[in-house]
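# Structural overview
Spelled out, the chains give:
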Amino acid sequence: MNSNLEKLTQKQINLLQAEEGTSTKQSILYAKDNVSISDVTSSESGTIRDKWGNEIEFLFSCIALSVGLGNVWRFPFIALANGGGAFVIPYVIVLLLIGRPVYYMEVILGQFSSRGCVKAFGMVPLMKGIAYGQVYSTAVATTYYASIMALTIKYLISSFADILPWTYCRPEWGAQCIATSEAVPQTTNETLSKHVSSAELFFTKSVLREADSLEEGLGWPSWDLVFCLMAAWTLIAIILIKGIRSSGKASYFLALFPYVVMFVLLWRALTLPGALDGIVYFLKPQWDQLLNPQVWYNAITQMFFSLAICFGTLVMYASFNNFRKNVYRDVIIITSVDSVTSILAGCIIFGILGNLAYETNTSDISKVVKGGAGLAFISYPEAIAKFKHLPQVFAVLFFLMLLVLGMGSNVGMASCVITVIKDRFTFLSHWMLAIAMAVVGFVCGLVYMTPGGQFILNLVDFFGCSFIALFLAIAELMTIAWIYGVKRLCQDIEFMLGVKTGLYWRICWALITPGLMFAVLVYTLITLEPLTYNGVGYPVSVYNVAWILWAIGVAQLPLWAIHAIYKQRGSSFMEKFQNSLKPCRNWGPADPKLYQEYLVFRNNLPEADALPREHPPSLWSRFCNNIFH
């Protein structure tokens, strides 16, 4: 017998020998999974896969991936616009019903299979296009994420100047400019329409050289930003040069350093006059907002993208774990840390913006608030300029924190893309792939360094990343929960971790999570309107390119489904199709010894259906069996 079967019982070996050579070649071991004897004996002998240096590296790498720029500038204003402190209630509920269940599911999938996100879909070959679409979306996201890092590097370098360059007006900006270092009278609608702060003009005129629209094209890249983009990708390549052996070591700094800066900034914020008013403004509940469906929609989308679920990166990171690692504890820690960090960042941001309102004699804090990129590169630098002591030090700390947060997320996304290529072309060395990724990312990122770059970034973020991810996330959840099956997933968890999966996880995976995500998709489609940037629309040709960008990602699902059906064994299309819905021949733990143990474990499981064959189970029985076993 093949050496892969050494640990099977003698009875099982006799059964296999009896089956060998028959026309069906069906293994008694895998009769319930439709895997042939040739399948059983062909478990991935595969190449030796890298592992984390120790268990803490996985934890820190996931924290560095999930805790990113969205926690610092997106969450505070999403919360403020959707009920302030009351927004925390739907946010926590969504964490429990979507964020944590999906996070746990993806980590389990990666650790169980020890494969990247594409090969992990060997559980259902028909749906492998989901993973390819996610990798495509992740690759697109790395390009604009690096461009934000380039802006951060630009500001970081500028923070070392004797006088912060966004604190004073330049002659070319005209009389509309008000220097942030000067006191501003009580704000009125008239003054708002006539005057612009030097911080905003520095960002739009000096750094971005921002165009009014795309009617005259993108323009040429700013060379100072090009060099900053090159520096960003160089840092990413250095961290990735040795795979997880280098990125795992870097995770200690990438995960911990931002918290050092956050607590320094929190201490500074709490000592500023007006800071408490800003924090109260941020956390003050608006209970009537809890009945607004838009609030729940924003809570779901914020949680979804904050945790980086359904992008393939978590599956990739978990694939480097030891097979028996207790990831349940890590999932609870990571998802909790991510949510607490968002609230902490909100207190810091609005504490300092409260001080800015105090310094500018503005009673309404919303008047000094600019969301999105405006928070990081306009409102916050403007607030730092008001510091009476060592504004340069706090500017350096803030932008260094932003750079590290962006680095942690981008390293994870780039690693996902590299791992997929490495799994397919094992002869390629990791350092070559890291350099190639950096070069391609740099070239693609040049478009964001042009005067029209922020227009393109806005489109790419939605059509090339968020909108694609939403479609594919629903497909992933339905694939794992109802094609592969919650029941089998729980059996895999029991084999790997030796624990039974609770009812909470099973109901979330099967019903609540995919149901809520589908509701988000429907709401998005109903409320979808043409995108604008700063109130300016896009030329039709540019908008059409954006839809093509989206179509390429979503089209991966049907294209790879056709490929999977074509590759299956069978004499008819229907037989090929049915086989493509079953796990591939070597599905299971990648380690040969564990794979043998898994086969024995599967063989010893009770039969799925208690009813006799002449009375096949009803749809309701199958439904209940999948969820409640």
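These lines cover the structure that appears in this document, whether it is placed above or below.

Scoring rules and cut-offs
Position labels on residues start from 1 in each chain and follow its written sequence. Side-chain atom pairs in this predicted model are given and counted only at pLDDT of 80 or more, local residue features only at pLDDT of at least 70, and totals for whole chains, interfaces and linings cover all residues. Only hydrogens and water are removed before side-chain values are computed, so all heavy atoms of the structure are retained for them. Candidate patch residues must exceed 30% relative accessible area and have no salt bridge, after which like charges are joined if within 9 Å and Val, Leu, Ile, Met, Phe, Trp or Tyr side chains if within 5 Å. Per-residue and other accessible areas follow the Shrake-Rupley method at a 1.4 Å probe size, with only the shown protein chains counted as cover for residues. Between Lys or Arg on one side and Asp or Glu on the other, a salt bridge is scored when a side-chain nitrogen of the former is within 4 Å of a carboxyl oxygen of the latter. A helix here means a DSSP run of H or I that spans at least four residues, while a strand means a run of E at least two residues long, and both kinds are numbered starting from the N terminus. Helix span, as expected, comes to 1.5 Å for every residue beyond the first. In this scheme, the bend at a residue equals the angle between the axes fitted to the seven residues that finish there and the seven that begin there. The criterion used for residue contact is that any of the two residues' heavy atoms lie within 4.5 Å. Classification of residues uses two cut-offs on accessible area relative to the type maximum, computed with a 1.4 Å probe and protein chains only: under 20% is buried, over 50% is exposed, and between them is partly exposed. In this scheme Phe, Tyr and Trp rings, the latter by its six-membered ring, pair at centre separations within 6.5 Å, and the angle between planes marks the pair as stacked below 30 degrees, edge-to-face above 60, and tilted otherwise. Distance and angle both matter: a charge sits over a ring if NZ of Lys or CZ of Arg is within 6 Å of the ring centre and within 35 degrees of the ring normal. Whenever a pair of cysteine sulfur atoms sits within 2.5 Å, that pair is classed as a disulfide.

Together, Trp-431, Met-432, Ile-435, Val-439 and Val-443 make up a nonpolar patch on the protein surface, roughly 470 Å² of accessible area in all. Position of Met-432 relative to the elements: it lies in helix H18 (residues 430-445).

Residues three or four positions apart in an α-helix share a direction because the helix packs 3.6 residues into each turn. Here helix H20 (residues 503-527) contains 25 residues, and its C-alpha end-to-end distance of 34 Å stays within 8% of the 36 Å for a straight helix at 1.5 Å per residue. In the structure, H20 departs most strongly from a straight axis at Trp-509, where the bend amounts to approximately 50 degrees. Elements in contact with the buried residues of H20: helix H5 (88-113), helix H13 (293-306), helix H15 (327-359), helix H19 (453-497) and helix H25 (619-628).

Moving on, we come to unusual backbone geometry. The phi torsion at Arg-209 lies on the positive side, around 50 degrees, for a residue other than glycine. Note that Arg-209 resides in the loop between helix H9 (198-207) and helix H10 (223-240). One non-glycine residue with positive phi stands out, namely Ala-308, at about 60 degrees. Looking at where Ala-308 falls in the secondary structure, it is placed in the loop between H13 and helix H14 (313-318). Among the residues examined, Ala-308 registers a relative accessible area of 11% and is labelled buried.

Turning our eyes to something else, we now look at the pattern of salt bridges. What the rule picks out here adds up to 8 salt bridges. A salt bridge links Lys-154 to Asp-224; the shortest N-O distance between them is 3.0 Å. Taken together, the positions of Lys-154 in helix H7 (residues 129-158) and Asp-224 in helix H10 put the pair 70 residues apart, joining distant regions of the chain. Assessed through its relative accessible area of 18%, Lys-154 is described here as buried. By relative accessible area, Asp-224 is classed as partly exposed at 31%. Via salt bridges that share partners, Glu-55, Lys-325, Arg-329 and Asp-330 belong to a single interconnected network.

Using the criterion set out here, one finds 54 aromatic pairs in the structure. The interplanar angle of 85 degrees and the centroid separation of 5.5 Å between the aromatic rings of Tyr-155 and Phe-202 together place this pair among those described as edge-to-face. Taken together, the residues span a long stretch of sequence, with Tyr-155 in helix H7 and Phe-202 in helix H9 at a distance of 47 residues. This pair shows no difference in class: Tyr-155 is buried, exactly as Phe-202 is. Here a set of aromatic residues connected by ring pairs shows up, and it is made of Phe-455, Phe-462, Phe-463, Phe-467, Phe-471, Tyr-533, Tyr-538, Tyr-543, Trp-547 and Trp-550. For Arg-324, the ring lying beneath its charged end belongs to Phe-495, and the centroid distance is 5.0 Å. Over the ring of Phe-425 we find Arg-424, and its NZ or CZ is 4.9 Å from the ring centre.

What follows deals with the state of the cysteines. A full pass over the atoms with the stated rule returns 1 disulfide. Paired by a disulfide, Cys-169 and Cys-177 hold their sulfur atoms 2.0 Å apart. Judged by the sign of its S-S torsion, about -85 degrees, the cystine formed by Cys-169 and Cys-177 is left-handed. On the basis of relative accessible area, Cys-169 is assigned to the partly exposed category, the value being 30%. For Cys-177, a relative accessible area of 11% corresponds to the buried category.

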